[in-house]
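The residues making up each chain are set out below.
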Amino acid sequence: MRLDRVNQILGPIVVGDDVGELQAADINRIITALGCKIDDTKGEKVWQVTVPPYRYRDLEREIDLIEEIARLYGYDNFCDDLPQETEAGYLSIDQELTRKLREVFRAAGLTELVQYSLVKPGGDKQITLANPLFAEYSALRTDLLSGLIDAFKYNLEQGNGALNGFEIGRIFWRDEDGLMEADAIAGIMGGDRTLGRWTRGGKEQPMSWFEAKGVLEGAFRRLNLAVEYQPDRRDPRLHPGRTASLWVQGNRLGTFGQLHPQLRQERGLPDAVYAFELDLDVLLDSLDGEENLTPAFRPYSTFPASDRDIAFFAPTQVSVAEFERAISKAAGTLLESVEVFDEYRGENVPSGQRSLAFRIVYRASDRTLTDADIEPVHQKVREALVDKFSVNLRS
C-alpha cells in the first residue's frame, strides 16, 4: 500500500482550522487496528501488508485497504470537494437524433422492436462466444433483418397478422481488422394496412412496392432528408428486380426491397413483404445539421403554380431518379416539383425502351408566371433530356 495513492484517492483532511494529508503514523495505526500485519516496509511511504485469514475475501487489493482507512479515520474528517460549477444534464446530439428517429418511424406506423443480440451460429463473419449459456444463443448477430424476418413469421403463426416494425440496435462482425461493431436500423413491412376489408369481401389487399416505399419516404420527408434510389442486387435475401440501394449526400445509406420469392416460400411468408436496412452512423451524420436540429420557417409563395407535362421514350436501364435529377438541374429556381405519373411498356413502344410521363410544376415567389417565363425553361428541360439520355420526345 502506497501513502501517495491513499491521499490521491481520499483527498485532504481537516486538521484544526487548516488542511493537511494523512501521515504514515495514521496509516500504521489504522492498519494495525484492522488486524493486519505490516511485514516489510518498502520505503518510508510504501507498506507490504498481510491480511488476517478471516478477511482474505474482503481485503484483496490496495483499494480495499484505502476504503477501510477512510471508514476508520472518519468520513467527516475529510474535506468536501465539490465541482466549482454544476449544470443540468443533457442529451448528446446522437442521443437526441436517435430519439427523433424512433419518433419518426413510430409515426410512420411501424412498431419498435427490441430483440436479442445473441443468435444461432453459422455465419462466416459471426463472432461466437467462448462460454455461451445455450447453443442456440452462442453467436452475436451480424444484421438486424434476420431477426425481423423471424419476428414477422412468429407474428403470423400466432394469428396476429402481418408485422410492420423496425429496430435500432447494434450488430457485430469479424473481418481482417479484427472484431467490429456498429449501430444499425432495420424494418420490415407487409400485409394489408387498411383497418376494414368489407369493401373487398373480407379479402386482404397485399401491400405494393410503392406503398412500402411511401412509408419509408414519409419518414425521410419528416427528417428533411433527400434520399436517392438506385437499382441494387447485392443482398441475396431481397428480390433482384425490386431492390434499391439508398444514397444520401453521396454516401450509401442502406438497402430497401422486397423479400426474395425463394426466401418467402422457404419461410412460409406472404407474397408482399418488404424490408430495409440503414447505416445509423451515416443517417446521424446526415441529420447532424442546423436545419435538422433547429427547424426554420420557409416562406411559401402566394402566387399560383403552372404545370407542364413531358412524355418520352427512354431506355429501360435509366432510372426515374436520374431523369428527375436532370430535370431539376435544368429547370433551376422556378421548379417546385417533378414527379412521374405514367409508365407504359408494350405495343407501339420500341424494344428495350419504355414510355415515361412527368408532371413538372413551376412557381415563382414574387409573381405569376406567364408562358414567356415558362417556355424557355421548359424547352431547356427538353433539350437536357435529349442531350444526356437521347430520349425520343412525345410531347
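Residues numbered from 1 in each chain as written. Predicted model: local features only at pLDDT ≥ 70, side-chain atom pairs only at ≥ 80, totals over all residues. Heavy atoms only, no water.

Moving on, we get to the overall build of the protein chain. Looking only at helices and strands, the protein chain has eleven helices and 18 strands in total. A globule of 395 residues ought to have a C-alpha radius of gyration of about 21 Å, yet the protein chain, at 33 Å, is considerably larger. On the principal axes, the C-alpha backbone points of the protein chain span a range of 100 × 55 × 45 Å. Counting over 395 residues, the protein chain shows a buried share of 39%. Counting contacts in the protein chain only where the partners sit at least 6 residues apart, residues at least 24 apart contribute 58% of the total. Entry remark: accessible area of the protein chain is about 24,200 Å², with carbon and sulfur atoms responsible for 48%. Side-chain charges in the protein chain split into 47 positive and 65 negative, and the spacing between the mean points of these groups amounts to 7 Å. (Helix = DSSP H or I, 4+ residues; strand = E, 2+ residues; numbered from the N terminus. Rg over C-alpha atoms; globule rule 2.2 N^0.38 Å. Buried < 20%, exposed > 50% of the residue type's maximum accessible area, 1.4 Å probe, protein only. Contact = heavy atoms within 4.5 Å. Areas by Shrake-Rupley, 256 points an atom, 1.4 Å probe, with all protein chains shown as cover. Lys, Arg positive; Asp, Glu negative; His and termini not counted. Charge placed at Lys NZ, Arg CZ, Asp CG, Glu CD.)

Time to look at the sheet that holds strand β6 (residues 118-119). Strand order in the open sheet made by the three strands is β6-β8-β7, with antiparallel pairing throughout. Unpaired on one side and paired on the other, β6 and β7 (127-128) mark the two borders of the sheet. Note: β6 against strand β8 (residues 139-140), two bridges, orientation antiparallel. What sits directly across from Leu 118, in β8, is Leu 140. (Pairing = 2+ DSSP bridges.)

In the contact formed by helix α1 (residues 3-10) and helix α3 (residues 62-73), the axes pass within 10 Å of each other and the chain directions differ by 60°. Here α1 lies oblique to α3, going by the angle between them. α3 is crossed by α1, and the crossing has right-handed handedness. Contact residues: α1 offers Arg 5, Val 6, Ile 9 and Leu 10, while α3 offers Glu 62, Ile 63, Ile 66, Ile 69 and Ala 70. Looking at the contact of α1 with α3 residue by residue, the classes come out as seven nonpolar, no polar and two charged. (Axes fitted to C-alpha atoms, helices over the stretch in contact; angles between N-to-C directions. Parallel < 35°, antiparallel > 145°, perpendicular 65-115°, else oblique. Left-handed = near helix turned anticlockwise from the far one by under 90°. Nonpolar A, V, L, I, M, F, W, Y, C, P; charged D, E, K, R; others polar.)

Time to look at the environment of Tyr 54. Looking at the element boundaries, Tyr 54 is found in the loop between β4 (47-50) and α3. The spacing of Tyr 54 and Leu 223 is 169 residues in sequence and 63 Å in space, taken between C-alpha atoms. Contacts of Tyr 54, omitting those with residues within four sequence positions, involve Leu 34 and Gly 35.

Here the focus is the pairing of strand β13 (residues 251-259). Among the nine residues of β13, seven are classified as buried, and the element is accordingly described as predominantly covered. The pairing of strand β12 (residues 238-248) with β13 spans seven bridges and is antiparallel. When the bridges of β13 are listed, Leu 238 appears paired with Leu 259. Where β12 hands over to β13, the hairpin turn is made up of two residues, of which Gln 249 adopts a positive phi near 55°. The sheet contact formed by β13 and strand β14 (residues 273-279) spans five bridges and is antiparallel.

Regular strands place side chains that alternate from one sheet face to the opposite one. When you tally the buried positions in β14, you get five out of seven residues, the bulk of the element. Two strands pair when backbone bridges link them, and strand β10 (residues 178-190) and β14 are joined in this way by seven bridges, in the antiparallel orientation. The partner of Ile 185 across the bridge, within β14, is Leu 278.

What follows deals with α3. In this model, α3 (twelve residues) spans 17 Å end to end at C-alpha, consistent with the 16 Å of a helix rising 1.5 Å per residue. What α3 keeps buried is the set Asp 64, Leu 65, Ile 66, Glu 68, Ile 69, Ala 70 and Tyr 73. Residues of α3 that are buried sit in contact with α1, β1 (13-15), α2 (24-33) and β4. Two residues or fewer past α3, Gly 74 is found with a positive phi of approximately 110°. (Expected span 1.5 Å × (residues − 1).)

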